[in-house]
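# Overview (structure and organization)
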Amino acid sequence: MALSLAASPCPNDTFVFHALAHGLIPGAPPVDLTFADVDVTNTAAERGEFDLVKVSYAALPWLLDQYELLPCGGALGRGCGPLVLTREGHEGDLRGATVAVPGDRTTAYLLFRLWAQDNQPGRIEVVPFHRIMPGVADGTYDAGLVIHEARFTYPRYGLTALADLGEWWESDTGLPIPLGAILARKGVVDPHEAAEWIRTSVSMAWANPDASREFVLANAQEMEPDVVKRHIELYVNEFTLDLGKEGLAAADALLSRAAAAGLTPPLPTLLPH
């Protein structure tokens, strides 16, 4: 029986899951892959819709009763945080501003809320990711919160980075930024087996990047090959293979701070006892 897997069509996810989704992992079950933006998977996971699912770390307090956090396959690193973008000439105070964000339970938005506690915007609008930069450029929004490949492409829209929330987080905590997590549904998927399948899929992708190239580019939402390459190099890293103590400490720090600020429900520590 096939396992259902939901991930984004972004190059880091298609690169990581190519071998698993195409039945190339010895001993792994067949996988039925669904592509969806992370804001959609956060909500779907809360309903228990997928066996394996990519979600925002910010959504974990609502999900770990049904799912187990896997120690691999996700997006966590340094120099890869969300950006707050504005039009050139409109930099400065966000108070009273309308800010477009990609989802209300995304890690990007949680970081923004922690960062902006003393600089609260006037209005938040949840907007499909592909509409954020054009909307800021044409004046629909005063600022936009963006992730992933936008860090490579935002100058094309005449935009400027008001803040790099990854840099802010790293300078404040010394930890990498936890963005996307992979979860396995309890009682359906053995988390240890799933972690081995995913680690093998990552290792196969690194060993033979040409094998996944066509699949990655076909789902890359019109990204140029150079942007795709830079995207994968940034978001698929040592933490993708194994979160380790540092990765778990980063996730624990984010969710502890969020709970202390009253932004998420409290969650028991993710660190091993």
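Our structure's up above, just so we're on the same page.
Just so it is clear, the structure is predicted and the values come from calculations on it, not from any experiment. (Residues numbered from 1 in each chain as written. Predicted model: local features only at pLDDT ≥ 70, side-chain atom pairs only at ≥ 80, totals over all residues. Heavy atoms only, no water.)

## Some details on helix H2 (residues 38-46)
Among the residues of H2, Thr41, Asn42, Ala44 and Ala45 are the ones counted as buried. For H2, the secondary structure elements touched by its buried residues are strand S1 (3-7), strand S3 (52-56) and strand S4 (67-69). (Buried < 20%, exposed > 50% of the residue type's maximum accessible area, 1.4 Å probe, protein only. Helix = DSSP H or I, 4+ residues; strand = E, 2+ residues; numbered from the N terminus. Contact = heavy atoms within 4.5 Å.)

## A closer look at the packing of helix H1 (residues 11-21) against helix H7 (residues 191-207)
Following both chains from N to C, one finds H1 and H7 inclined at 110°, their axes separated by 7 Å at the closest point. One way to sum up the angle between H1 and H7 is to call them roughly perpendicular. Helix-helix and strand crossings are classified by hand; for H1 and H7 the assignment is right-handed. Of the residues in H7, those in contact with Phe15, Val16, Phe17, His18, Ala19 and Leu20 of H1 are Trp197, Ile198, Ser201, Val202, Met204, Ala205 and Trp206. A class-by-class count of the residues in the contact of H1 with H7 yields 11 nonpolar, 2 polar and no charged. (Axes fitted to C-alpha atoms, helices over the stretch in contact; angles between N-to-C directions. Parallel < 35°, antiparallel > 145°, perpendicular 65-115°, else oblique. Left-handed = near helix turned anticlockwise from the far one by under 90°. Nonpolar A, V, L, I, M, F, W, Y, C, P; charged D, E, K, R; others polar.)

## Topic: the sheet that holds strand S7 (residues 98-101)
If you trace the 5 strands from one edge of the open sheet to the other, you get S8-S7-S9-S6-S10, paired in mixed fashion. Of all strands in the sheet, those with a lone pairing partner are strand S8 (123-126) and strand S10 (159-164), marking the two edges. Each adjacent strand pair in this sheet contributes to an overall mean axis angle of 30°, direction not counted. Sheet strands in contact with helix H4 (residues 129-137) are strand S6 (83-87), S7, strand S9 (143-146) and S10, and its direction is about 150° off that of S9. (Pairing = 2+ DSSP bridges.)

## Remarks on the environment of Gly92
With respect to the element layout, Gly92 can be found in the loop between S6 and S7. Judged by its relative accessible area of 33%, Gly92 is partly exposed.

## Describing the pattern of salt bridges
It is possible for side chains of opposite charge to pair when their charged atoms get near one another. In the structure shown here, the tally under the stated rule is 14 salt bridges. Between Arg230 and Asp226 there is a salt bridge; the shortest N-O distance is 3.9 Å. Linking Arg230 with Asp226, this pair stays in helix H9 (residues 225-235), spanning 4 residues, or about one helical turn. Salt bridges linked by common partners bring Arg78, Glu170 and Glu246 together as one network. (Salt bridge = Lys/Arg side-chain N within 4 Å of Asp/Glu carboxyl O.)

## Digging into the side chain of Asp252
Along the chain, Asp252 falls in helix H11 (residues 244-260). Among buried charged residues, Asp252 stands out as having no salt bridge; its nearest opposite-charge side chain is Arg257, 10 Å away. One polar contact links Asp252 to Thr269, side chain to side chain, over a distance of 3.0 Å. When near neighbours in sequence (up to four residues on either side) are disregarded, Asp252 contacts Pro268, Thr269, Leu270 and Leu271. (Lys, Arg positive; Asp, Glu negative; His and termini not counted. Polar contact = N/O pair within 3.5 Å; in protein donor to acceptor, adjacent residues only side chain to side chain.)

## Things to note about the packing of H1 against helix H8 (residues 209-218)
Between H1 and H8, whose axes approach to 9 Å, the crossing angle comes to 130°. As summarised for this structure, H1 and H8 are arranged oblique, according to the angle between their axes. Note on packing geometry: the crossing formed by H1 with H8 is right-handed. Contacts from Pro11, Thr14, Phe15 and His18 in H1 reach Pro209, Ala211, Ser212, Phe215 and Val216 in H8. Taken together, the residues of the contact of H1 with H8 sort by class into 6 nonpolar, 3 polar and no charged.

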